[in-house]
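# Per-entry structural report
Chain by chain, the residues run as shown.
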Amino acid sequence: MEELTLYLRFLLGTVFFTAGAAKLTKMDSHAAVVKGYRILPSRLIVPFVWFETVAECLVGALLFSGHYLSVSALFAACLLILYSIGIAVNVLRGRTEIDCGCGGIIGNHRLSMGLVIRNLVFIAACAWLFVSASLPHPNPWTSPLQSLQILLISSVSLLFALLLGETAKLHKRVNTLLDQRKRNEGQR
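Right, let's walk through the structure included here. (Residues numbered from 1 in each chain as written. Predicted model: local features only at pLDDT ≥ 70, side-chain atom pairs only at ≥ 80, totals over all residues. Heavy atoms only, no water.)

## Brief notes about the overall build of the protein
Scanning the protein from N- to C-terminus turns up six helices and zero strands. When the helices and strands of the protein are listed from N to C terminus, the series reads α-α-α-α-α-α. Taking all 188 residues of the protein together, 36% fall into the buried category. Here the analysis covers contacts within the protein between residues at least 6 apart in sequence; of these, 74% occur between residues at least 24 apart. When the accessible surface of the protein is split by element, carbon and sulfur atoms take 70% of a total near 11400 Å². (Helix = DSSP H or I, 4+ residues; strand = E, 2+ residues; numbered from the N terminus. Buried < 20%, exposed > 50% of the residue type's maximum accessible area, 1.4 Å probe, protein only. Contact = heavy atoms within 4.5 Å. Areas by Shrake-Rupley, 256 points an atom, 1.4 Å probe, with all protein chains shown as cover.)

## Examining the nonpolar core
The nonpolar side chains of soluble globular proteins are, as a tendency, buried together. Core analysis: the largest hydrophobic core is formed by 32 residues, its most contacted members being Leu12, Phe16, Leu63, Ile87, Leu111 and Leu129. Secondary structure elements with two or more residues in this core: α1 (2-24), α3 (42-65), α4 (69-92) and α5 (113-134). Sort the elements by how many residues they give to this core and α4 lands first, with ten residues. Look past the residues within four positions of Leu129 in its chain and what remains in contact with it is Thr5, Leu8, Arg9, Leu12, Leu63, Leu69 and Ala73. (Core = buried A, V, L, I, M, F, W, Y, C linked by side-chain atoms within 4.5 Å.)

## Brief notes about the environment of Leu115
Positionally, Leu115 belongs in helix α5. Given a relative accessible area of 6%, Leu115 falls into the buried group. Separated by 15 residues in the primary sequence, Leu115 and Cys100 have C-alpha atoms spaced 8.4 Å apart. Setting aside residues no more than four positions away along its own chain, Leu115 makes contact with Ile87, Cys100, His109 and Arg110.

## Some thoughts on helix α2 (residues 27-36)
Among the residues of α2, those classed as buried are Met27, His30, Ala31, Val34 and Gly36. Summarising the contacts, the buried residues of α2 are in contact with α1, α3 and α4. Arg38 sits one or two residues past α2 and shows a positive phi near 55°.

## So, the packing of aromatic side chains
Tallied over the full model, the rule gives two aromatic pairs. Aromatic side chains Phe51 and Phe75 sit 6.1 Å apart centroid to centroid with 70° between the ring planes, which places their arrangement in the edge-to-face category. One end of the pair, Phe51, is in helix α3; the other, Phe75, is in helix α4, and 24 residues separate them in sequence. (Phe/Tyr/Trp six-rings, centres within 6.5 Å; stacked < 30°, edge-to-face > 60°.)

The following block contains the structure:
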């Protein structure tokens, strides 16, 4: 149980911290993405983008450290619920051509219900962390070797997920190029 909790802390900590850090480097373009969602009034976009970015960095750091785990897990879940609502609203409006604005290690993708499902899985992980933080732990300290192993497993899991995403993009691009080639050959 402690290993799963540590794994989820590292996994979600990486997702949130890298997303926040990526947004810090390009606040203007992230504000444009948030504006593209057409949910917030224009005057609230910049304050929201700053709040969201700082919150993601803070939540990621707290998840890594394990301090205030129940609070950081709850706050992470709230952010994910907020993002899921924004994505779902736009997908239901038929606006799937815009970027999600996720950033960080999970990257940016076009809006889809798949992103909502991914966020629901992350929310379930947050719920696990929230409950786990309130349970008594017989051994609250994981050995450094266990921590390193779990960190490596978390990293490999994230890299595998990224590889799957990039493979899907490459497959789509190859199919597009093959379709173009067939059209060009048909025009000759």
